[in-house]
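Examination of the molecular architecture
Residue-level listing of the chains:
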Amino acid sequence: MSSHVLTEIHNHVGIITLDRPKALNSLSLEMVRGLTATLRAWHNDPEIHAVFIHSSSEKAFCAGGDIRFFYDVGTLTPKGDSALLEDFFTEEYALNHLIHFYPKPYIALMNGVVMGGGMGIAQSGTASRLRIVTERTKMAMPEVNIGLFPDVGGGYFLNQTPGEIGTYLGLTGEIIQAADAIYANLADVYIPTVQIPALMDLIKHNTEADLRVAIRRFSAQFEHEIAHAQCQLANDRTKIDQHFTGNNLHNICATLASDETEFAEKTLAIMNKRSPLLMAVTLEQLRRCKSKSVADCLRLERTMVRHCFKHGEVLEGVRALVVDKDNSPLWSPPTIAEVKQEMIAQFFVEVWPSYAHPLAHLP
């Protein structure tokens, strides 16, 4: 068991606490394995009726995968155990699948930062999930900022958002708050942080057969707070749907450039800082995944992430953000105008025969 994944059982509820606060609970391979082992052990345990996952820190639920680990291992040779990178993504995506299809209520308290890999361990399937946000929630799929794409099932769950919100979030990596998350179908209920002790007490003394029923009833008293909170996505929805339609990044940027509104100018400025190639790859990913199953989305993403590290864009993005911290990535190509269709297509070329795919076993 990982030293950063703490578990306890109260009132037939398996409680998982992510406890790596200095790294904002960024997921290591050890943590992925700890979560997987715990959820597999509880999967068929009749004494466990539900799972509740949260953080020991108010700052973050989970900031994503450990991107410094990605850089350190991604720049090694096989003698330096570079294969750990392959292990990480295969096992992380398998964990995302396990969570999505978990046979018991799976409740995630997304307090603080919840980004990237953190979304992957919070976005369970409709049959099992209850996703809680607070006034501290800062949610994003910011991978294009480091030359990656919205993985961990992002190709699936971003496509479950209304209109073109998923496309907007995937291409910009923008951070959203609690009201936005609920509006975007990326969260279900709001509970203020001052009420978290009461929530924990409810969990430990609940008598409902389905814990989610009790939590929804408890959260109902705070609906007026979230109803009156500013929802930026709702305010920008018309513009988002207008500009983020279609399958061509150049066209999206052209329509934004021709729009003199504050939203368009701000959005284009943000996109001009992201990896041009990985924005285009992300758009292609989201369109390809629109009609795919969760398993097929994860298999596609596993192929894509292999190509990302082979290309090197993600290593350059992480270098600029957390290694040298110069915030000046040298993207390849450097501009959106230079992105060609053949460059995008390379990220979707099959790496393995279907029977040998690392996630071939996912149903």
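Up top you'll find the structure we're talking about.
Throughout what follows, the structure given in this document is the object of discussion. (Residues numbered from 1 in each chain as written. Predicted model: local features only at pLDDT ≥ 70, side-chain atom pairs only at ≥ 80, totals over all residues. Heavy atoms only, no water.)

Let's talk about the overall build of the chain
In terms of regular secondary structure, the chain is built from 17 helices and nine strands. Projecting the C-alpha coordinates of the chain onto the three principal axes gives extents of approximately 60 × 55 × 40 Å. Counting only residues that meet the buried cut, the chain has 57% of its 363 residues in that class. Long-range contacts, defined here as pairs at least 24 residues apart, represent 75% of the contacts in the chain between residues at least 6 apart. Carbon and sulfur atoms form 52% of the exposed surface of the chain, whose accessible area is close to 15400 Å². Of the charged side chains in the chain, 32 are positive and 41 negative; the average position of the first set lies 2 Å away from that of the second. (Helix = DSSP H or I, 4+ residues; strand = E, 2+ residues; numbered from the N terminus. Buried < 20%, exposed > 50% of the residue type's maximum accessible area, 1.4 Å probe, protein only. Contact = heavy atoms within 4.5 Å. Areas by Shrake-Rupley, 256 points an atom, 1.4 Å probe, with all protein chains shown as cover. Lys, Arg positive; Asp, Glu negative; His and termini not counted. Charge placed at Lys NZ, Arg CZ, Asp CG, Glu CD.)

What about the side chain of Thr161?
Note on placement: Thr161 falls in the loop between helix 5 (154-157) and helix 6 (165-172). Overall, Thr161 belongs to the buried group, its relative accessible area being 8%. For Thr161, the side chain forms a polar contact with the main-chain oxygen of Leu158, separated by 2.7 Å. Once residues within four sequence positions are removed from consideration, Thr161 is found in contact with Gly166, Ala184 and Leu186. (Polar contact = N/O pair within 3.5 Å; in protein donor to acceptor, adjacent residues only side chain to side chain.)

Let's talk about the state of the cysteines
All told, the structure shown has zero disulfides when counted by the stated rule. For Cys253, which is in no disulfide, the shortest distance to another cysteine sulfur is to Cys308 and amounts to 19 Å. When its relative accessible area of 9% is taken as the criterion, Cys253 is described as buried. (Disulfide = S-S within 2.5 Å.)

Describing the sheet that holds strand 4 (residues 60-62)
If you trace the three strands from one edge of the open sheet to the other, you get 4-6-8, paired in parallel fashion. Strands at the two margins of the open sheet, each flanked by one partner only, are strand 4 and strand 8 (138-140). The mean inter-strand angle of the sheet, taken between neighbouring strand axes irrespective of direction, is 15°. Bridge analysis of strand 6 (residues 113-115) against strand 8 gives three bridges, and the strand direction is parallel. Paired with Met115 across the strands is Ala140, a residue of strand 8. (Pairing = 2+ DSSP bridges. Axes fitted to C-alpha atoms, helices over the stretch in contact; angles between N-to-C directions.)

A word on the environment of Ser82
Its location among the elements puts Ser82 in the loop between helix 2 (67-74) and helix 3 (83-100). With ten residues separating them in the primary sequence, Ser82 and Asp72 have C-alpha atoms 8.7 Å apart. Not counting residues within four places of it along the chain, the set of residues in contact with Ser82 comprises Val73, Leu76 and Thr77.

What about helix 2?
Within the sequence span of helix 2, burial applies to Ile67, Phe69, Phe70, Tyr71 and Val73. Residues of helix 2 that are buried sit in contact with helix 3, helix 15 (294-311) and helix 16 (313-323).

Side note on unusual backbone geometry
Between Ser332 and the following residue, Pro333, the backbone shows a cis peptide bond with an omega angle of 0°. Relative to the helices and strands, Pro333 resides in the loop between helix 16 and helix 17 (341-345). Despite not being glycine, Asn25 has its phi angle at roughly 60°, a positive value. Here Asn25 lies in the loop between strand 2 (13-18) and helix 1 (29-43). With a relative accessible area of 0%, Asn25 lands in the buried category. Positive phi, normally seen in glycine, also occurs at Val152, with a value near 50°.

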